[in-house]
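As a plain string of letters, each chain reads:
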Amino acid sequence: LRHVLLAACATFTILATASSASAQHTVRASWDRNPDAVTAGYRIFYGASSGNYQWSVDVGNQTSAPLTLAPGRYYFAVRAY
């Protein structure tokens, strides 16, 4: 039996200014721990459109993680595994 939880999605926007159009920024994503006893870890999915995530990162059993992003609008989802 495999449990998969899709946690609440969030949107973060990093707006570029003229002097920082190519600069990257670090944001911290965080979420509540899954209360079940079978969750081994979490994967963050993110991309430029909702439901279409180009990138992902496995953060193990942590409930927050820093992400370094270029200026733009990002949509996020966290999945427990």
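A.B. asks: Explain the overall build of the protein here, please?
C.D. replies: Within the protein one finds zero helices and seven strands. Tracing the protein from N to C terminus, the helices and strands come up as β-β-β-β-β-β-β. Sorting the 81 residues of the protein into buried and exposed places 23% on the buried side. Contacts spanning at least 24 positions in sequence make up 68% of the contacts within the protein whose residues lie at least 6 apart. Working note: accessible area of the protein is about 5300 Å², and carbon and sulfur atoms make up 51% of it.

A.B. asks: Help me understand the side chain of N34, please; the structure alone is not making it clear to me.
C.D. replies: Within the element layout of this structure, N34 appears in the loop between β3 (25-30) and β4 (42-47). Judged by its relative accessible area of 13%, N34 falls in the buried class.

A.B. asks: Would you take a moment to explain the confidence of the model for the protein for this structure?
C.D. replies: On average, residues of the protein score 80 in pLDDT, and 73% of them are at 70 or above. Mean pLDDT in the protein bottoms out at strand β1 (residues 5-6), which sits at 48, and peaks at strand β5 (residues 55-60), which reaches 96. pLDDT under 50 marks residues 1-6. Its contacts with residues more than four places away, or in other chains, come to 13 contacts.

A.B. asks: How should the environment of V57 be read in this particular structure?
C.D. replies: In this structure, V57 sits in strand β5. According to the relative accessible area criterion, V57 is partly exposed, its value standing at 28%. Once the C-alpha coordinates of V57 and R43 are considered, the two residues, 14 residues apart in sequence, prove to be 5.6 Å apart.

A.B. asks: Sorry if this is basic, but what is going on with the nonpolar core here?
C.D. replies: Nonpolar side chains tend to gather and get buried jointly when the protein is soluble and globular. Of all hydrophobic cores here, the largest spans 13 residues; its most connected members are W31, I44, Y46, L67 and F76. The leading source of residues in this core is strand β7 (residues 72-80), at four residues.

Parameters at a glance
- Numbering of residues begins from 1 in every chain and follows the order in which that chain's sequence is written.
- pLDDT decides what is reported in this predicted model: residues at 70 or higher carry local features, side-chain atom pairs at 80 or more are listed and counted, and totals for whole chains, interfaces and linings draw on all residues regardless.
- In computing side-chain values, all of the structure's heavy atoms are included and hydrogens and water are not.
- Only DSSP runs of H or I covering at least 4 residues are called helices, and only runs of E covering at least 2 are called strands; the numbering of each starts at the N terminus.
- Relative accessible area decides the class of each residue, using a 1.4 Å probe on protein chains only: under 20% of the type maximum gives buried, over 50% gives exposed, and in between gives partly exposed.
- Residue contacts follow a heavy-atom distance rule, with two residues in contact if any of their heavy atoms lie within 4.5 Å.
- Here the accessible surface of atoms and residues is derived via Shrake-Rupley with a 1.4 Å probe, and residues count as covered only by protein chains that are part of the display.
- The pLDDT value tells you how sure the predictor is about a given residue, anywhere from 0 up to 100.
- As used here, the term nonpolar core means buried Ala, Val, Leu, Ile, Met, Phe, Trp, Tyr and Cys residues forming a set that is joined through side-chain atoms within 4.5 Å.

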